[in-house]
Each structure stands twice: as structure tokens, then as C-alpha cells.
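# Geometric and topological summary
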Amino acid sequence: MATLTENANWGTELWDQYDNLSIHTLKGIDFLERYGHFVRDRATIESEYAYKLRRLVKNYQPKKKDEEDYQFTSCRAFKALMTEINDMAGQHEVVAEDLQANVIRELTALVKDLREERKKQLQEGQRLSQSLQTQIESLQRAKKAYDKAFKEAEKAIDGFQKADADFNLSRAEVEKHRANMAHKTQTCDQAKNEYAVQLQQTNQLQRQHFRSGLPEVFRQLQDLDEKRIKNIKNFIKGSVELERNVFPIINKCLDGVLKAADIINEKEDTLLVIEKYKSGFQPPEDFPFEDLSKGGSDSGSANNLNNIQLGSKIKDGGYTVKGTITGKAMKKRAGIFNIFGSRGEDLSELPPNQRRKKLMQKIEELKTKVTQETAARDGLMKMKGVYEGNPALGDPRTIESQLNECSHRLEKLQQDLVRYQGYLDEVVKGIQSGNLTNSVTGSPRLLNGSSRIHRNSGGSAAEENSLSRSASDSSVTNTTLNNIKRSAPGTPQLNHGCSNSPESGLGTSHTSLHHADSDQDQYDGNHADPESEYYEADVLPAIGICRALYAFEGTFSASEGSIPMAQDEELHLIEVDQGDGWTRVRRINGEFEEGFVPTTYIETSLFNT
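Computed from a prediction, not measured in an experiment: that's the story for all the values here.

### Some details on helix α6 (residues 266-277)
- With 12 residues, α6 should cover 16 Å at 1.5 Å per step; its first-to-last C-alpha distance of 17 Å lies within 8% of that length.
- When α6 is considered as a whole, its buried residues turn out to be D269, L272 and K276. One side of α6 holds all its buried residues, which, seen down the axis, span an arc of 55°. More than 90 degrees from the buried face of α6, the exposed residues found are K267 and L271.
- Structurally, α6 contributes buried residues whose contacts are with α4 (73-165) and α9 (352-389).
- The backbone nitrogen of K267 lies 2.9 Å from a side-chain oxygen of the residue at the head of α6, namely N265.

### Side note on the side chain of H209
- Along the polypeptide, H209 turns up in helix α5 (residues 171-262).
- What makes H209 buried here is its relative accessible area of 5%.
- Residues contacting H209, with those up to four places away along its chain left out, are L128, S129, L132, L214 and P215.

### Concerning the environment of L350
- Secondary-structure assignment places L350 in the loop between α8 (327-334) and α9.
- The spacing of L350 and S279 is 71 residues in sequence and 8.1 Å in space, taken between C-alpha atoms.
- In this structure, L350 is in contact with R355 and K358, ignoring residues within four places of it in sequence.

### Observations concerning the nonpolar core
- Membership of the largest hydrophobic core comes to 22 residues, with the highest contact counts inside it found for L32, V39, L99, V103, L107, L114 and F235.
- Where this core is concerned, the elements lending two or more residues are α3 (18-59), α4 and α5.
- Apart from residues lying up to four places away in sequence, L114 is in contact with I29, L32, L224, K227 and R228.

### Digging into the confidence of the model for the chain
- Confidence along the chain averages 75 in pLDDT terms, with 72% of residues attaining 70 or more.
- Looking across the chain, the model is least confident in helix α11 (residues 478-482), with a mean pLDDT of 33, and most confident in α3, with 94.

### Quick look at the packing of α3 against α4
- Running from N to C, α3 and α4 point in directions that differ by 165°, and their axes come no closer than 8 Å. Put simply, α3 runs roughly antiparallel to α4. Judged by the twist between their axes, the crossing of α3 over α4 is left-handed.
- A class-by-class count of the residues in the contact of α3 with α4 yields 24 nonpolar, 9 polar and 9 charged.

### So, a nonpolar patch on the surface
- A cluster of nonpolar side chains, L56, Y60, F78 and L81, forms an exposed patch at the surface whose accessible area comes to about 360 Å².
- Tracing the backbone shows L81 in helix α4.
- With a relative accessible area of 30%, L81 lands in the partly exposed category.

### A short note on the packing of α4 against α5
- Between α4 and α5, the least distance of the axes is 6 Å, while the angle of their chain directions is 170°. One element, α4, and the other, α5, form an angle in the roughly antiparallel class.
- Tallied by class, the residues present in the contact of α4 with α5 amount to 48 nonpolar, 24 polar and 18 charged.

### Focus: the environment of R587
- By the secondary structure assignment, R587 is in strand β4 (residues 582-587).
- Beyond its immediate chain neighbours, meaning those up to four positions away, R587 contacts I563, P564, M565, E569, L571, H572 and E593.
- One polar contact links the side chain of R587 to the main-chain carbonyl oxygen of P564, over a distance of 2.4 Å.

### Some points on unusual backbone geometry
- Positive phi is not limited to glycine here, since D568 has a value of about 70°.
- Within the secondary structure layout, D568 lies in the loop between β2 (544-548) and β3 (570-575).

### Focus: the pairing of β4
- Summarising burial for β4: 6 of the 6 residues are buried, a large majority.
- Here β4 shows two buried faces, one formed by W582, R584 and R586 and the other by T583, V585 and R587.
- In the sheet, β3 pairs with β4 via 4 bridges, with the strands oriented antiparallel. Among the inter-strand pairings, H572 is bridged to a residue of β4, identified as R586.
- Looking at chain direction, β4 and strand β5 (residues 594-598) are connected through 5 bridges and run antiparallel. In the sheet register, W582 faces β5, and the bridge partner there is P598.

### Quick word on the pattern of salt bridges
- Counted by the stated rule, this structure contains 31 salt bridges.
- In this structure, D41 engages R40 in a salt bridge whose closest nitrogen and oxygen atoms are separated by 3.7 Å.
- The partner of E243 in a salt bridge is R42, with the nearest N and O atoms 2.7 Å apart. Taken as a pair, E243 in helix α5 and R42 in helix α3 lie far apart in primary sequence, 201 residues in all.
- A relative accessible area of 21% means that E243 is categorised as partly exposed.
- Each member of the salt-bridge network shares a partner with another, and the members are E575, R584, R586 and E594.

Reading the values: rules and limits
- Residues numbered from 1 in each chain as written.
- Predicted model: local features only at pLDDT ≥ 70, side-chain atom pairs only at ≥ 80, totals over all residues.
- Heavy atoms only, no water.
- Helix = DSSP H or I, 4+ residues; strand = E, 2+ residues; numbered from the N terminus.
- Expected span 1.5 Å × (residues − 1).
- Buried < 20%, exposed > 50% of the residue type's maximum accessible area, 1.4 Å probe, protein only.
- Arc of directions from axis to C-beta.
- Contact = heavy atoms within 4.5 Å.
- Polar contact = N/O pair within 3.5 Å; in protein donor to acceptor, adjacent residues only side chain to side chain.
- Core = buried A, V, L, I, M, F, W, Y, C linked by side-chain atoms within 4.5 Å.
- pLDDT = per-residue confidence, 0-100.
- Axes fitted to C-alpha atoms, helices over the stretch in contact; angles between N-to-C directions.
- Parallel < 35°, antiparallel > 145°, perpendicular 65-115°, else oblique.
- Left-handed = near helix turned anticlockwise from the far one by under 90°.
- Nonpolar A, V, L, I, M, F, W, Y, C, P; charged D, E, K, R; others polar.
- Patch = residues over 30% accessible without salt bridge, like charges linked within 9 Å, V, L, I, M, F, W, Y side chains within 5 Å.
- Areas by Shrake-Rupley, 256 points an atom, 1.4 Å probe, with all protein chains shown as cover.
- Salt bridge = Lys/Arg side-chain N within 4 Å of Asp/Glu carboxyl O.
- Pairing = 2+ DSSP bridges.

In C-alpha cells, the structure reads:
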């Protein structure tokens, strides 16, 4: 078998199978092309599979509204699993791309080369066969001419012999037959020689055709077919190698899926559920026993039960406590505090524990923003210093506006940070004190807004008070009210916030002031109707001067909140910012008008105490 394999040669073994070899090689190349189509379709399937995997992962990615649920270990594991599946899709894309680049492209080029080479060899075989056929036809013509000449020579000889034996013919006629015999014999000899030459050439060409010419063509076709078969083998192995190259990465992806499964912890998820939904409220107390046999206990028990069920809830808005203004009376003032912020920013509508968690997240966000703005401001100040040291590099004045804007943003962020820290301190104190009850039992809460000053029944002006204009100061206590102080009027003094010098390029910021001490009892409903709109206010003394850094168009009338101001306009400072971003001012010149303006739009100077 080995000897047969080594000596197998189409040129010798299949010397007479030109047509069959032509058909065989054509089928072989068609088969190679068909295999190429298979690989191409396989690459398409891999690519489509990768696309569908990525699409699957995309469809199951958590929506923004569901992101909070992905703190659970099972959800985190599923998210990690999707990441690994996405990576696996990438590996299938690699397989498709490599098949396209390393197999399909080479295979297509090989098919083209094989077709051209086969065509060339078949044309050469046809040329050799045509040459042999032409030579055979020449031989046949020579043989036919020789046959004809031979027959004519024999006839001429026979005619001469008869004439020579016939004594009745003249000598001239005998010589004529002799000459004809000689001519025909000579023609026959020439035809014979031509036939012999053509025979020799034909035999030589035929030997060359079947022993060297056509075998060489068949050998080339054999090499072509063996090359085709060998490359099919290489392409198959190459395709396998391409897939094996991505297996380690796919295995790593599968290992990642197993690791994702290992992070699932049912106990941890249980604790997260507690952390997520724990309100921080204390369970309601036991219902008291109602002894109807005792006189007067009926109404008292009913009132007690009503208090347990409803608490201090009033019909016109939210929960309230003695000395606070109801939601109805505060509606007109609420709008001023929602120009640059949303209502309920203190998240007081949430249970204490959830409120604490949200506030901590907000504080972390604000700290990050403060750090970013501080870095930006420091960079601008350094750039401004460089420009001042070397004016050729740039104009320092171009940095001043950017510094002012950065300063105002930073100041606003710092105010927000302080305000939210106050919210957090409040809820932490409430949780630590343990004096929290569910909203069913009437947990008191103060509404947004600030109280107006009203006159008492005796006609004298009550001492001015201003509650915090943000929902953070929801608990009105004597401690909180005693911390509200106001400085007495005196000599103007410039605040020391951000420097207003040209070197820094920063506008002067205000400082926080405190209101005068007030007594919570003046808000008692005995002095004024808490659901009335606004009460007549005393003319508050000015505590300083402020200058408008920017123009501001008041959104509401002065009776309801803000007032407009022009850039560089000076106004009396009546009440400082209470943490909501607004400062109360009064016009110096012209008609009496006072209201609120954004704190970041002004710079203030206070009178010395």
C-alpha cells in the first residue's frame, strides 16, 4: 500500500482519463468553495450569537428605578453574571472575526488560485492533445496518399506488363506504358517516404504526449488537488485552534459566573431588607382600658383614643404643634423657597431611618462636589497668579469672572452641605432619643416657610421671630428658639468670607447671623388666628448693608417673598440667611419695600454689635 501511495501518479495511472480528471478537479474546487461557505455561515452564526447575547444582557440591565434593589447579593450576583455573559459574547465575536480573517479570506483566495491553475493546466492538456491530433491527421493523410499512389503504381505496372506481352501493340505504345509505370512507381515511393516520415513524427509525438506532456499536466492537476485537500485539513485545524484560543477566557467568564453565585448570601440580603425598610419608629403603645362605670371617663377615653389615632393632625395641612403656623397660612410663603430647590428637600416625608440614609448619601454627594469645585477654584487662582506674574501668558482679568462663578457655586454647595448636615443631625438626635412614633400616632412635623411677626392683643409689637425657612427645622423647641439671636445695630463692618480683592478674583460672601431671642409662646393661638394669611409686621431694624453683585428679578411680589434688585444696588440687611439660600433686605431709597433676595447674589457688611 505504501509503494502504491508513493508511486501513485495521475500521469501514468490515469493517462487516458483526461475528461474524468477535469471533472474531478472541478468538483474538488467546488467542494472547497462549499466548505468556505460553511465557515462563512458559521462565522455569521457566531456573530449573531454574540449580538444576541449582548442584546440579552442589555435588555436585563437594571433600570434606574431598580438600581436600589441591586444592593442585595442575589441582584449583585445577577449583575456580575450579565457582565461575564457580555464578555463571553465578546469572545464569540473574536471567533467570528478570526474565522473571517484567517480562514474565509485565505480560503476564498485559494479557491480563486486553484480555479486559475486548473484552467491553465487543462488548456495545456488541450493544446497537447490538439497537437497530437493534428499530427495523427497528417499521418492519416500521408498514409492515404501512399495507399492511392501504391494502387496506381500497381495498376501502371500491370498495364505495362500487359502491353509488353501484347505483340500487336506498337513500340511507341509500349514505351508509353513503361513511362507511366515509372512515374507511378516514383510517386508511390515518394508517398511511401512521406508516410514513413509522418509515421515517425506521429509516434514520437504520441510517445512524448503520453509519457511526458500529458503526464506533466496531470501531475500539476494532482498537485493542485492535493493542495486543495491539504488546505481543507489545515483550515479545519485552524478553525479549531481559533476556538481553543478563546476557551480559556470563556472558562474565566464561567469562573466569574461561579464567583458571582458565591457572593449570594441569604442572611446578608435579609439584613439589607431590614436596613432598607426599617422606619425607626417605635411600636404604638397599648390601648388603655376604658372603664365606663366611672363618671367622666367616657369623654376622656374617647379623647385619648382619638389622640392615639390622629395625634395633632389638623384639617388644613400636615401635623403641627403649638406655636407653629399651619400649612394653609404658609402656602403663599412656600413658593419663595422653591425657586432654587424642591419642596421636601429635607426628606421629612420618609421614616427616620430611611431619611437618615438618604441624607447621608446626599451629604457624600455634596462633599464630592465641594472637593471638585475647590480644586477648580485653586487651579483658577494658580492660573491667575501665573498670568499676573507673566502677563505675556494671558490676561488675569479673564480668570476673574470664572473665579467669581466658581466661588458662588462653592459657596452654594457649602451652604447646602451645612443645611443637609443639620437635617442629618436632627434625625440622628431623634433616633437616638427613641422618641419616635409612627405617623398613625401623630408624629408632629413643621411645614416649610417662616412665620410672620404679629401684634399681640394689647397692640404692642411682638418681639420679631423667624423660623427656619427650610423643612430641616421641623422640630420647634425652646433650645432651637433660644439659639436664634440678632446683633444690635452699630458701625458697618465688612464680612470676611471670600476676598473681594483683584488678586483673588472672588466676590465677598456673607456670613451667617443669628436672630434675637424669641419666646415660643407668642405663637400661641390665643394671640392671633394661626390660619389667617399674613399678620401686620413691625418695621425691623437694619442689621447691616448689602450690595447686589448681580441683577435679580423677583418672581413674586414683595408681599409674598422676593423683591427685584439691580446690580450694585445697596439695600438694608434685615434678616440673614437661615440656611435656605435667601436673605431678607429693605430698599434704602424710595418707597418702603422689603423682601427676600438670593444670598449668593449679594455681599454683606454687618453693623458692629
